[in-house]
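# Analysis of the macromolecular model
Chain by chain, the residues:
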Amino acid sequence: MKTNKKYGIGKYSVNQLLPELMNTPSPSGYESGCIEILEKYLNTKATYIDRQGNTVFYIPGTGEDRIQVLLTAHMDELGYQIQEIHDTGLLSFITIGGVDKKVLPGQDVEIHTKGGKVKAVIGKKPIHCETPEERDSVCKLETLLIDAGCTSKDEAKQLGIEVGDIVVPRSNANPKFGFAGSCISGRGLDDKSGIVSCIEAAAWIKEHTLQGVDLYVAALTQEEVGLRGATKLARAVENKLGIEFTYAIDVDVTFCTDEGKGIEPGKYGNVKLGSGPVIFHGPDCCPRLVSLLTDASKSGDIKVQHACSRPGGTNTTALQDNLIDAWTGHIGIPNRNMHTPVEICSWRDIEGTVKLIIEFLENLK
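About the thresholds
Numbers given for residues are sequential positions, taken from 1 along each chain in its written order. The predicted origin of the model limits local features to residues at a pLDDT of at least 70 and limits the giving and counting of side-chain atom pairs to 80 or more, whereas totals for whole chains, interfaces and linings rest on all residues. For the side-chain quantities, the full set of heavy atoms in the structure was used; hydrogens and water were omitted. Counting from the N terminus, the helices are DSSP H or I runs at least four residues long and the strands are E runs at least two residues long. What a helix should span is 1.5 Å times the count of its residues minus one. What makes two residues a contact is simply this: any of their non-hydrogen atoms within 4.5 Å. With a 1 Å grid spanning the protein atoms alone, the term cavity applies to any set of points in which a 1.4 Å probe fits but cannot get out, the term pocket to an open set with protein on both sides within 12 Å along at least five of seven lines, and the term lining residue to any residue with an atom within 4 Å of a point. Grid points are joined across faces, edges and corners, and a volume is the space filled by probe spheres set on the points. In this count, Pro and Cys sit with the nonpolar residues alongside Ala, Val, Leu, Ile, Met, Phe, Trp and Tyr, while Asp, Glu, Lys and Arg are called charged and the others, Gly among them, polar. Using a 1.4 Å probe on the protein chains alone, a residue whose accessible area is under 20% of its type maximum counts as buried, one over 50% counts as exposed, and one in between counts as partly exposed. We call two strands paired when DSSP finds no fewer than two bridges between them. Helix axes use the C-alpha atoms of the stretch in contact, all axes being lines fitted to C-alpha atoms, and the angles between their N-to-C directions lie in the range 0 to 180 degrees.

Once that is clear, we can look at helix α9 (residues 287–299). The first and last C-alpha atoms of α9 sit 18 Å apart over 13 residues, in line with the 18 Å expected at 1.5 Å per residue. Looking at the buried residues of α9, the elements they touch are β13 (247–255), β14 (278–281), β15 (305–308), β16 (327–335) and α11 (347–364). Asp 301 lies just past α9 and shows a positive phi near 55°.

What follows is the structure, encoded as structure tokens:
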């Protein structure tokens with residue numbers, strides 16, 4: 001593809017950045033560990049950070065009457081939080097975000113205390129002790145306990161465990177997964193794959209200044225608990241920075257429908273892993289921006305897929321509802337096993353997303 005040479009994909013360490021972000025715990029409301037990593041890789045201090053942790057990077061263009069473009073992705077992931085330390089040393093917990101309770105039992109997890117990480121597991125009643133009804137049903141959250149190998153509350157506290165500590169599946173990023181290392185697997189690809197796509201594109205733009213275009217990249221918080229970060233940032237950022245965005249594009253993962261697991265293409269679109277990023281159509285995806293993204297895929301010879309989406313499932317809706325008057329759009333990165341600790345994305349789709357963003361911005365010149 002001509003864009004491989006044209007855009008030099010990989011120059012900005014995308015293969016190192018994504019695993020590092022995936023290994024950095026960032027459940028909704030606790031995303032601050034990602035910010036320093038993004039500043040390091042982009043070699044730019046954040047322009048704006050609000051009290052919720054939403055972070056904006058500014059890549060200025062040249063010339064007068066420049067178009068203002070906002071590019072967003074969310075850096076929060078699913079997680080758990082210690083709710084109670086029992087006298088037995090076992091730990092009750094709650095979930096943060098849309099955790100699939102069916103995959104909780106048996107997980108290796110790490111508790112992030114003030115003193116560091118504590119290894120633990122999520123345990124359940126042995127199958128031998130279950131009733132026939134229990135064997136055929138999903139475990140209720142209140143029946144599951146996190147076990148850090150303690151036999152008393154005092155032992156748990158000696159490890160530094162406290163109520164409120166966040167918990168995530170143990171770091172398991174595998175950046176060379178699948179055929180010829182073409183995929184990456186692990187937790188948090190939703191949506192750290194989107195974050196990396198935005199940062200990689202911004203790094204290229206930073207070295208190849210665009211005439212007539214200012215780029216703002218926002219790493220957003222608390223998407224998994226109700227689009228809260230995008231809503232807050234969109235309401236504030238234009239007033240705080242004194243700008244009005246012309247275009248706003250959100251990058252997030254989307255369901256693969258080639259898994260053979262009953263995920264219907266007729267409902268979610270015909271989306272295949274490794275076949276390119278998805279340009280979405282729908283009420284929160286303005287036809288003008290959909291057309292420009294499609295044109296960019298053609299001019300850049302970039303393989304893409306198309307699907308329709310209902311409003312409300314991604315930050316695209318929050319941007320459309322709360323920005324002053326921006327055309328909004330959504331790019332999806334195909335993702336298997338979404339909202340589990342073993343999500344899978346293809347490097348081909350991530351790199352295609354980077355190229356699509358750059359080609360779109362280049363065409364705006």
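Another point: the layout of surface pockets. One number sums up the size of the largest pocket: a volume of about 430 Å³. Secondary structure elements with two or more residues in the lining of the largest pocket: β13 and α8 (265–268). If one sorts the elements of the lining of the largest pocket by residue count, β13 sits on top with four residues. Grouping the amino acids of the lining of the largest pocket by side-chain chemistry returns six nonpolar, nine polar and seven charged. The calculated volume of the second largest pocket comes to roughly 180 Å³. Residue lining of the second largest pocket: Lys 124, Lys 125, Glu 130, Glu 134, Ser 137, Val 138, Cys 139, Lys 140, Thr 143 and Leu 144, and that is the complete set.

Judged by which residues are buried, strand β17 (residues 343–346) turns out to be covered on both faces: Glu 343 and Cys 345 on one side and Ile 344 and Ser 346 on the other are all buried. Bridge count between strand β11 (residues 183–186) and β17: four bridges; the pairing is antiparallel. From the neighbouring strand, Gly 186 faces β17, where its bridge partner is Glu 343.

Here three strands make up an open sheet; going across it, the order is β10-β11-β17 and the pairing antiparallel. Unpaired on one side and paired on the other, β10 (174–177) and β17 mark the two borders of the sheet. Strand-to-strand twist in this sheet, taken as the mean axis angle between neighbours without regard to direction, amounts to 30°. The sheet strands contacting helix α2 (residues 14–22) are β10 and β11, and the helix crosses β11 at an angle near 10°. Here helix α6 (residues 189–207) sits on the sheet and contacts β11 and β17; the angle it forms with β17, its principal contact strand, is near 25°.

Turning to empty space enclosed by the protein, a few remarks are in order. Empty space among the atoms becomes visible once a probe the size of a water molecule is rolled across them. For the coordinates displayed, the defined rule picks out two cavities of 30 Å³ or more. Looking at the largest cavity, its volume works out to about 150 Å³. Surrounding the largest cavity, 16 residues form its lining, Leu 78, Pro 169, His 339, Thr 340 and Pro 341 being those nearest its centre. Of the residues belonging to the lining of the largest cavity, the class tally is six nonpolar, five polar and five charged.

Looking now at unusual backbone geometry. Glycine aside, the phi torsion of most residues is negative, and most peptide linkages are trans. Between Asp 190 and the following residue, Asp 191, the backbone shows a cis peptide bond with an omega angle of 10°. Non-glycine residue Asn 43 carries a positive phi angle of around 55°. Here Asn 43 shows up in the loop between α3 (33–42) and β1 (48–49). When its relative accessible area of 63% is taken as the criterion, Asn 43 is described as exposed. At Asn 337, a position not held by glycine, the phi torsion is positive, near 60°. Of note, Asn 337 is situated in the loop between β16 and β17.

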